[in-house]
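Report on the structure
Spelled out from the first residue to the last, the chains are:
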Amino acid sequence: MAGKKGSSPKIHTYFKVEGDKVSRLRKLCVRCGKGVYMSEHKDRRTCGKCTDTEFIQKNNL
Ligand SMILES: [Zn+2]
């Protein structure tokens with residue numbers, strides 16, 4: 001067992017907890033419901049479980 005590292009640095013961005021801020025940043029998946037959060041992207045939100053994608057509309061600019 002040598003030559004392969006099992007750590008992935010990206011996992012740190014997935015668990016971003018800053019007090020009660022996390023509940024405002026993440027949105028629950030409408031399909032999966034409780035406990036399943038959408039991951040935030042620049043122009044969309046995606047669910048890691050059902051891969052549902054929700055595009056963020058920018059009409060309020
Ligand atoms: Zn989902």
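Please read all numbers here as calculations on a predicted model, not as lab measurements.

1. Some remarks on the overall build of the chain
Along the chain, the regular secondary structure elements total two helices and four strands. Buried positions account for 3% of the 61 residues belonging to the chain. A sequence separation of at least 24 residues applies to 0% of the contacts in the chain between residues at least 6 apart.

2. So, the pairing of strand 2 (residues 33–40)
Inspection of the sheet shows strand 1 (residues 27–29) paired to strand 2 by three bridges, in the antiparallel sense. Counterpart to Lys-27 in the pairing with strand 2 is Met-38. Between strand 1 and strand 2, which pair antiparallel in sequence order, lie three residues. When strand 2 meets strand 3 (residues 44–47), the two strands line up antiparallel, connected through three bridges. Counterpart to Ser-39 in the pairing with strand 3 is Thr-46.

3. Brief notes about the sheet that holds strand 1
Strands sit in the order 1-2-3-4 across an open sheet of four strands; the sheet is antiparallel. Among the strands making up the open sheet, the edge pair consists of strand 1 and strand 4 (53–55). Sheet twist, expressed as the average angle between the axes of neighbouring strands with direction ignored, equals 40 degrees.

4. Focus: the environment of Lys-27
With respect to the helices and strands, Lys-27 occurs in strand 1. Along the sequence, Lys-27 and Cys-47 sit 20 residues apart, while their C-alpha atoms lie 9.5 Å from each other. Discounting chain neighbours no more than four positions away, the residues touching Lys-27 are Tyr-37, Met-38 and Arg-45.

5. Looking at the confidence of the model for the chain
Here the chain averages 75 in pLDDT, while 56% of its residues score no lower than 70. At the low end of the mean pLDDT range in the chain sits helix 2 (residues 22–25), at 53; at the high end sits strand 3, at 92.

6. Let's talk about unusual backbone geometry
A positive phi angle, near 60 degrees, is found at Thr-51, a position not held by glycine. In this structure Thr-51 comes out as exposed when scored by C-beta crowding, with 9 C-beta atoms within 10 Å.

Cut-off values and rules
Each chain has its residues counted from 1, following the order in which its sequence is written. At least 70 in pLDDT is required for a residue's local features to be given in this predicted model, at least 80 for side-chain atom pairs to be given and counted, and no such filter applies to totals for whole chains, interfaces and linings, which use all residues. Here a strand is any run of E in DSSP of at least two residues, a helix any run of H or I of at least four, and the numbering for each starts at the N terminus. Three classes are used. A residue is buried when 20 or more other C-beta atoms lie within 10 Å of its own, exposed when 12 or fewer do, and partly exposed in between, with C-beta atoms placed from the backbone. Our contact criterion uses C-beta atoms placed from the backbone: two residues qualify when those atoms are within 7 Å. Two strands pair under a simple rule: DSSP has to find at least two bridges between them. Angles run from 0 to 180 degrees between N-to-C directions of axes, and those axes are lines fitted to C-alpha atoms, restricted for helices to the stretch in contact. How sure the predictor is of each residue is captured by pLDDT, a score from 0 to 100.

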